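# Examination of the molecular architecture
Residues per chain, in single letters:
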Amino acid sequence: MTESPPLLPAPDELTSFFWEAARRRELMIQRCSACGTYQHPPEPVCHSCLSFDLGGAEVSGRGTVYSYTMATQAFHPSFADKLPFCIAVVELDDQPGLKLLTNIVDLQADGVNVGDPVEVCFRALSDAIDLPVFRLVRA
Ligand SMILES: [Zn+2]
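Just so we're clear, the structure is a prediction, and the values are computed from it rather than from any experiment. (Residues numbered from 1 in each chain as written. Predicted model: local features only at pLDDT ≥ 70, side-chain atom pairs only at ≥ 80, totals over all residues. Heavy atoms only, no water.)

## Concerning the sheet that holds strand S6 (residues 99–105)
Note the following rule: At least two DSSP bridges between two strands are required for those strands to pair. In this text, helices come from DSSP runs of H or I with a minimum length of four residues, and strands from runs of E with a minimum of two, each type numbered from the N-terminal end. What counts as an axis is a line fitted to C-alpha atoms, over the stretch in contact for a helix, and the angles between N-to-C directions run from 0 to 180 degrees. Contacts between residues were defined by any pair of non-hydrogen atoms, one from each residue, lying within 4.5 Å.
Pairing in this closed barrel of five strands is mixed, and the strands run S4-S5-S6-S8-S7 around the ring. Pairwise comparison of adjacent strand axes, ignoring direction, gives a mean angle of 50° for this sheet. The sheet contact formed by strand S4 (residues 62–71) and strand S5 (residues 85–92) spans eight bridges and is antiparallel. Following the sheet pairing, valine 65 is matched in S5 by valine 90. Relative to strand S8 (residues 130–136), helix H1 (residues 16–23) is tilted by about 65°, and along the sheet it contacts S6, strand S7 (117–124) and S8.

## A look at the UniProt feature "domain: ChsH2 C-terminal OB-fold" (unreviewed entry) in the protein
Keep this limit in mind: UniProt positions are given in the numbering used here, feature names are shortened, and annotations may be inferred rather than shown by experiment.
UniProt's feature table lists "domain: ChsH2 C-terminal OB-fold" (unreviewed entry) at residues 58–123, given in the numbering used throughout. Spanning residues 58–123, this segment combines 0% helix with 50% strand, and its end C-alpha atoms are found 18 Å apart.

## Observations concerning the sheet that holds strand S2 (residues 38–39)
The strands making up a sheet are joined through hydrogen bonds of the backbone, oriented either antiparallel or parallel. Across the sheet, three strands lie side by side as S2-S1-S3; this open sheet has antiparallel pairing. Every interior strand has two partners, whereas the edge strands, S2 and strand S3 (54–58), have only one. Sheet topology places strand S1 (residues 28–32) next to S3; five bridges connect them, and they run antiparallel. Each residue of the ladder has a partner; that of glutamine 30, found in S3, is glycine 56.

## Considering the nonpolar core
What counts, and what does not: The nonpolar core is taken to be a set of buried Ala, Val, Leu, Ile, Met, Phe, Trp, Tyr and Cys residues, with the residues joined through side-chain atoms within 4.5 Å. Relative accessibility decides the category of a residue: with a 1.4 Å probe and only protein chains considered, values under 20% of the type maximum give buried, values over 50% give exposed, and everything between is partly exposed. Note: domain ranges come from an automatic or database domain assignment.
In this structure, Phe18, Leu27, Ile29, Leu92, Ile104, Val118 and Phe134 are the most contacted members of the largest nonpolar core, which totals 26 residues. Among the elements of the structure, H1, S1, S5, S6, S7 and S8 are those that each provide at least two residues to this core. Examining the composition of this core, we find that five residues originate from one element, H1, more than from any other. Among the domains, domain 1 (11–59) and domain 2 (60–139) are the pair contributing at least three residues each to this core. Discounting chain neighbours no more than four positions away, the residues touching isoleucine 29 are Phe17, Phe18, Tyr38, Gln39, His40, Gly55, Gly56, Ala57, Val59, Leu92, Leu98 and Leu100.

## Some thoughts on the domain arrangement of the protein
Interfaces are often sized by the amount of accessible area the parts lose when they come together. For clarity, the threshold we go by: Two parts placed together each lose some accessible area under a 1.4 Å probe, and adding up what both lose gives the buried area.
Under the domain assignment, the protein is made up of domain 1 (11–59) and domain 2 (60–139). For domain 1 versus domain 2, the distance between C-alpha centres works out to 20 Å. For the pair domain 1 and domain 2, the summed buried area comes to about 1,400 Å², and 67% of that belongs to carbon and sulfur atoms. If you sort the residues of domain 1 by the area they bury against domain 2, Arg23, Arg25 and Leu27 come out on top, with a joint share of 39%.

## Comments concerning H1
Taken as a whole, H1 has its buried residues at Phe17, Phe18, Trp19, Ala21 and Ala22. As for H1, its buried residues are in contact with S1, S3, S6, S7 and S8. Remark: arginine 25 follows H1 within two positions and exhibits a positive phi of approximately 65°.

## Quick look at the packing of aromatic side chains
How we decide: When the centres of two rings from Phe, Tyr and Trp lie within 6.5 Å, Trp using its six-membered ring, the rings pair. Their planes under 30 degrees apart give stacked, over 60 give edge-to-face, and anything left gives tilted.
Going through the model one piece at a time under the given rule, you end up with two aromatic pairs. The interplanar angle of 85° and the centroid separation of 4.9 Å between the aromatic rings of phenylalanine 18 and tryptophan 19 together place this pair among those described as edge-to-face. Residue class for tryptophan 19 comes out buried when judged on its relative accessible area of 13%. An angle of 25° between the planes, with centres 5.6 Å apart, marks the rings of phenylalanine 79 and phenylalanine 85 as stacked. Exposure remark for phenylalanine 79: the relative accessible area of 29% places this residue in the partly exposed category. When its relative accessible area of 17% is taken as the criterion, phenylalanine 85 is described as buried.

Written as structure tokens, this is what we have:
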């Protein structure tokens, strides 16, 4: 069986700050310079005040599991050796309702629950792309 190349993000003008920060192992989220609201994914205009003055700002990297599912089937061959894996929506602590679609990694047999505290970590997908993912914060 030939190995398929992984599906990789394609950073653009709006998202390059996010991917450049991830390479430095920092989580940056788009923030409005006019009203201070974070929003994700990045957009050309602030959803809160309609300002176009937006930039990237580092966030805590801590949050809670808002929702999740376990993937048990690979819909692309590059995911086949990663099954099962956890696809999750994490709500960041930095602002109510600020959510990120991501993966929860390094799960143990007891799995994951909605409301579990998590922290960001990073997985190298290629020489150029590091992916922000999350792991459970254990007491
Ligand atoms: Zn704003």
